[in-house]
Amino acid sequence: MSQLIEHHSHKAARILDSARELVTDHGVRKVTVSEIAAAAGVGKGTVYLYWPTKEDLILGLFARELLAFLEAIIARITADPTAVQPRHLAPLLIRTGLRSPLARRLTTKDADLLRLLIEQAGDRDLFERTQPSAMCQAVMPILRRHGLLRQDRPLADQSYAMHAVLIGFNTTMSDSGSAPPSAGDPGEVLADTVALLLEPAVAPADQAVTAAADDTTAAFRQIRNAVLDIIDRSQTLQR
């Protein structure tokens, strides 16, 4: 289990909070370690006690955002297994992601920078496992196996469709001014779209939904563990 530095050090927590605010406002490239340290009220050398380089700090910061996202999804499905149904899962994924202003930067040039940082750290495989396409590939077979998806289309096509819908709605919902006005709630439009596109005509039994929820949370926990590995590799644990 990863031991997050901020759980043991108030200084590390302040550094992360300051870095998150600065990166959200200005982007990764324009923020310096000196600026982060000043905003956190610590010396520049203190930052390096916890993260060997600026790149490690940024990598750990984005990984923590993804960790919070995954934990929120796992908690929701655990509390309400019906959240795993495609019509509920798709809006859950989008809305949870949009709660993080920092996560929105992953749709900009910072996404390419984050990929580069992880490749340099030798964690490319871990990064790939946390991408939307990989999550679709991990979860869609589970939904199909338990009867939560239609059986008249190839699974690969359904995974492609879910990925495309999520990317499209995420982009549009994060910049609502770029889309035509909707008569209803965008999340409900997304739910209807996914239900018509992917769900079977006959609703699955409660037991099937519960089993799919259990297997889906297990898959998300595996991805969560990969993210914790990224965090472990980016930080220097100081007690």
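Here we summarise the structure given alongside this text. (Residues numbered from 1 in each chain as written. Predicted model: local features only at pLDDT ≥ 70, side-chain atom pairs only at ≥ 80, totals over all residues. Heavy atoms only, no water.)

With that settled, consider the overall build of the protein. Check the secondary structure of the protein and you find 12 helices and zero strands. Going from N to C terminus, the protein has its helices and strands arranged as α-α-α-α-α-α-α-α-α-α-α-α. Counting across all 239 residues of the protein, residues that qualify as buried make up 45%. Within the protein, residue pairs in contact and separated by at least 24 positions form 76% of the contacts whose partners lie at least 6 positions apart. Surface accessibility of the protein: about 12100 Å² in total, with carbon and sulfur atoms responsible for 53%. (Helix = DSSP H or I, 4+ residues; strand = E, 2+ residues; numbered from the N terminus. Buried < 20%, exposed > 50% of the residue type's maximum accessible area, 1.4 Å probe, protein only. Contact = heavy atoms within 4.5 Å. Areas by Shrake-Rupley, 256 points an atom, 1.4 Å probe, with all protein chains shown as cover.)

With that settled, the discussion passes to helix α11 (residues 186-198). With 13 residues, α11 should reach 18 Å at 1.5 Å per residue; the first-to-last C-alpha distance of 18 Å fits that figure. With a side-chain oxygen lying 2.9 Å from the backbone nitrogen of G187, the N-terminal cap of α11 falls on D185. (Expected span 1.5 Å × (residues − 1). Polar contact = N/O pair within 3.5 Å; in protein donor to acceptor, adjacent residues only side chain to side chain.)

To continue, consider the pattern of salt bridges. In the structure shown here, the tally under the stated rule is 10 salt bridges. D17 serves as the salt-bridge partner of R20, at 3.1 Å between the closest nitrogen and oxygen. Of the two residues, R20 and D17 both sit in helix α1 (residues 10-26), three residues apart, roughly one turn of that helix. A relative accessible area of 47% means that D17 is categorised as partly exposed. When salt bridges that share partners are traced, they join D17, R20 and E65 into one network. (Salt bridge = Lys/Arg side-chain N within 4 Å of Asp/Glu carboxyl O.)

To continue, consider the side chain of R144. Following the sequence through the fold, R144 ends up in helix α9 (residues 132-145). Buried charged residue R144 carries no salt bridge. Nearest counter-charge: D152, at 6.9 Å. Side-chain polar atoms of R144 contact the side chain of Q151, separated by 3.1 Å. In this view, R144 contacts L149, R150, Q151, R153, P154, L155 and Q158; residues no more than four positions away in its chain are not counted. (Lys, Arg positive; Asp, Glu negative; His and termini not counted.)

As a further point, take the packing of helix α5 (residues 86-98) against α11. Interaxial distance between α5 and α11 falls to 8 Å at its minimum, and their mutual angle equals 140°. Put simply, α5 runs oblique to α11. For α5 against α11, the interelement crossing comes out right-handed. In contact with P86, R87, A90, P91, I94 and R95 of α5, α11 contributes G187, E188, L190, A191, V194 and A195. When grouped by side-chain class, the residues that make up the contact of α5 with α11 number eight nonpolar, one polar and three charged. (Axes fitted to C-alpha atoms, helices over the stretch in contact; angles between N-to-C directions. Parallel < 35°, antiparallel > 145°, perpendicular 65-115°, else oblique. Left-handed = near helix turned anticlockwise from the far one by under 90°. Nonpolar A, V, L, I, M, F, W, Y, C, P; charged D, E, K, R; others polar.)

All right, on to the packing of helix α4 (residues 54-79) against α5 then. At their nearest, the axes of α4 and α5 sit 10 Å apart, and the two run at 145° to each other. Between α4 and α5 lies a crossing whose hand is right-handed. Contacts between α4 and α5 involve F69, A72, I73, R76 and I77 from the first element and L89, L92, L93, T96 and G97 from the second. In terms of residue class, the contact of α4 with α5 is built from seven nonpolar, two polar and one charged.

Attention now goes to the side chain of T217. Relative to the helices and strands, T217 is located in helix α12 (residues 206-234). Overall, T217 belongs to the buried group, its relative accessible area being 6%. Here T217 is in contact with I74, I77 and T78, once residues within four sequence places are set aside.

Time to look at the environment of A161. Residue placement: A161 occurs in helix α10 (residues 155-174). Spatially, the C-alpha atom of A161 lies 9.7 Å from that of C136, the residues being 25 residues apart in sequence.

A separate point is the environment of A156. In this fold, A156 is placed in helix α10. Along the sequence, A156 and Q137 sit 19 residues apart, while their C-alpha atoms lie 8.4 Å from each other.

By size, the foremost hydrophobic cluster in this structure holds 40 residues, and its most contacted members are I77, V84, L143, M162 and F220. Broken down by secondary-structure element, the contributors of at least two residues to this core are α4, α5, α9, α10, α11 and α12. The biggest single contributor to this core is α12, with nine residues. Formed by 22 residues, the second largest nonpolar core is a distinct cluster that contains A12, V28, A37 and A40. (Core = buried A, V, L, I, M, F, W, Y, C linked by side-chain atoms within 4.5 Å.)

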